[in-house]
Amino acid sequence: MTRRRTEASGRRLRWLVPLLLVLGWLLVSGATGSFEGKLGDVVTNDGAAYLPAKAESVHADKLQAQFSDNKTYPAVVVYERASGITPADRQAVASDAAAAAELAGVRGQISPVTLSKDGRALQFTVPLVNQMDPVTDAVKALRATADTHPGLTGHVTGLGGMYSDFGGAFSSIDGQLLVVAVGLVILVLLLVYRSPTLPVLVLLGIAFASGVAAAVVYGLAKHSGLTLTGQSQGVLSVLVVGATTDYSLLLVSRYQEELRKTQNKYDALATAWRAVLKPVLASGGTVILGTLCLLFSNLNSNRSMGPVAAIGIAASLLAALTFVPAVLALMGRGAFWPFRPAFGTAERTGEGLWGKVAGLVGRRPRGIWIAAGLLLVLAAAFTTQFRADGVSVSDNFTKKPDSVHGQQVLNAHFPGGSGVPVTIITKAAAAEQVATAARGVPGITSVTRLPKEVGGYTEIDAVLATTPDAPAAVDAVKRLRDVVHAVPGSDSKVGGFTATSIDTRVGGVRDFKVVVPLVLIAILIVLALLLRSLVAPLLLIATVVLSYAASMGVAALMFNHVFHFANADPSVPLMGFVFLVAFGVDYNIFLMHRVREEALLHGTRNGTLFALRRTGGVITSAGVVLAATFAALAVVPMVAMAEQAFIVAFGVLLDTIVVRSLLVPALTLELGDRAWWPSKAVFGAPVPASRAGQAETEREPQPTG
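Residues numbered from 1 in each chain as written. Predicted model: local features only at pLDDT ≥ 70, side-chain atom pairs only at ≥ 80, totals over all residues. Heavy atoms only, no water.

Asks: Just give me the short version of a nonpolar patch on the surface, but keep the residues and values in it.
Replies: Taken together, Trp15, Leu16, Leu19, Leu20, Leu23, Leu26, Leu330 and Met331 make up a surface patch of nonpolar side chains, about 660 Å² in accessible area. Counting only elements with at least two residues in the nonpolar patch, the list comes to α1 (2-32) and α11 (300-331). The greatest single-element share of the nonpolar patch, amounting to 6 residues, is contributed by α1. Mapped onto the elements, leucine 26 comes out in helix α1. The partly exposed category is assigned to leucine 26, whose relative accessible area is 46%. (Patch = residues over 30% accessible without salt bridge, like charges linked within 9 Å, V, L, I, M, F, W, Y side chains within 5 Å. Areas by Shrake-Rupley, 256 points an atom, 1.4 Å probe, with all protein chains shown as cover. Salt bridge = Lys/Arg side-chain N within 4 Å of Asp/Glu carboxyl O. Helix = DSSP H or I, 4+ residues; strand = E, 2+ residues; numbered from the N terminus. Buried < 20%, exposed > 50% of the residue type's maximum accessible area, 1.4 Å probe, protein only.)

So, in structure tokens, the structure goes:
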């Protein structure tokens, strides 16, 4: 009687625990679901906020803030008539300037309307408060007014116009980006499993993980000083979609396999869950550790990306390892309707595409790894053509917004930097010497000392002859810094848009040199612990680094000769490395963990070929999903996001199709049992020698229980 009660209680727990997990996730979703829409409220795209506190431009920005209660972004309203400005034009623009003074986002005095020397353009400057919503509203109003004069074209540019357009470019993240990413996931799942149920299950997991991640990131950005940029918000979205799908696919595939061997759905799920737990945790751990290495970055934008990405991966792991198995436990074989995996049936993994791939690798391992390696080396040779010196504002949009057109008009008729002056904060006692020195710098057209003094400091504005993001402007600001720093007792700090760009580029170069070794060390440790080997982890890391180099080489060719991108931001190679290496190792973990599992039973050769047949389809599907979700970043009309999307999407496909499917298995066969060195000596886990003469084709396990 007691035994029957115990068994009955165990049976109840088998469906009750999954049911409680599902209900718990529904409650969590109700509490966190609204935070995705709130992330835009805590996003900042202010260039100075990306930099470390010790950067000179940040120091200048903080000193400048003492001169005003509110930092302002000047919006330059510029008008052009090709045939020449008329008296009626001047009167209309003066009315626009008067109306601009009444806008809610204005802080300070509107500048006088200025006529260009060639008589074909007018401009005035509107100081706007540094807050996204007021700036966006004010710029919209200014543009609507400037566009009402027949024959007179008006634009809004300057920092205010650029800031508004940057915010508008990233606004698609909340809607269009997720729609594209989720649509691609649904398509891939339908093609792989031909089941309408599984995509819904995975999408629910994505929704729950996204809500949890968004709630945590929102809380940290709101209350703990975490900088959330538009780029970080976009990456968080695609990471959660891609990672949750990948981890769910691995569990679903193994569950489908176990259902064919085990009659009881709960036993099959328990076996599948235990089998994927280690590789999924190791996979997520490598990405989390890899992204957290960004905490050692100098740039605040890179540093903040680390915890944002890590939170997204952690939320994906939680959903994939709790919610998805809970629903699978309740649905059983019904989750795969209409193609239910019946007990006792066998998959024909020895046939089909992956059977042929495994057969090819098994017959010619040396030729395969030499050919694949040479292909990757050839592509990597073009990395020298990759340019990452920074991209100008006008070249940073895939579709040129009004601020870019306005800057072009401004540059054609006025000094290019008139709307975005260089700021010099200096000791008041040395201000005249600093101003005199600044006037002698080539590329500076005018220098104005402002009357206000605070704490012994004063402000000097210098106007550049060219646009603030042009190479000539960068050279001029570098010379300006050298000159004003040399003035004795001035304690001068040079800030402003161009200075911020210079400091960002310097920080990006430094971050790549520091973060890359840390990522490799962190991933090597995880792989060594998982595979209980040193040779295999070194092999895997070498292959994904080669894959990254090949991806950058192909990207250089595409950016320079197909897409015709002017340049790349310094952060692009670093972000590409972190995500490609971390996720590239992910798929190798999925493969090599299964290889080791089978090698302990059947030897390295047979275990490698068995694992390739078994995991080929699911890992490739996971790679396609991740590549598709990262490719969705291209909907954001920013060159940096398009470049990041191409590098990661192409790199993931290259790693999935070439490295994981061909290069790694072939090299493992070439090394044989040496791949696990020193497993027996160090970890106490003996690996049997490969069984010479044993058939290389797998034998399907017989049904049990």
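Next, the rest of the story.
Asks: I'd love a proper account of the sheet that holds strand β3 (residues 121-129), names of residues and values included.
Replies: Spatial ordering of the open sheet is given by β2-β3-β1-β4, a layout of 4 strands whose pairing is antiparallel. Edge positions in the open sheet fall to β2 (114-115) and β4 (153-157), since each of these has one partner strand only. Sheet topology note: the strand β1 (residues 72-80)/β4 ladder contains 5 bridges and is antiparallel. Bridged to valine 78 within β4 is histidine 155. Together, β1, β3 and β4 form the strand contacts of helix α5 (residues 132-146), whose direction differs from that of β3 by roughly 160°. Across the face of the sheet, helix α14 (residues 402-413) comes into contact with β1, β3 and β4 while running at roughly 105° to β4. (Pairing = 2+ DSSP bridges. Contact = heavy atoms within 4.5 Å. Axes fitted to C-alpha atoms, helices over the stretch in contact; angles between N-to-C directions.)

Asks: Quick rundown of the confidence of the model for the chain? Include the residues and the values.
Replies: The share of residues in the chain with pLDDT of 70 or more is 90%, and the mean pLDDT across the chain is 84. The spread of mean pLDDT over the elements of the chain runs between helix α22 (residues 679-683), the lowest at 50, and helix α13 (residues 365-380), the highest at 95. Within the model, the stretch residues 681-685 combines pLDDT values under 50 with 9 contacts to residues more than four positions away or in other chains. Long-range and interchain partners of residues 689-705, a stretch whose pLDDT sits below 50, account for 37 contacts in this model, where long-range means more than four residues apart. (pLDDT = per-residue confidence, 0-100.)

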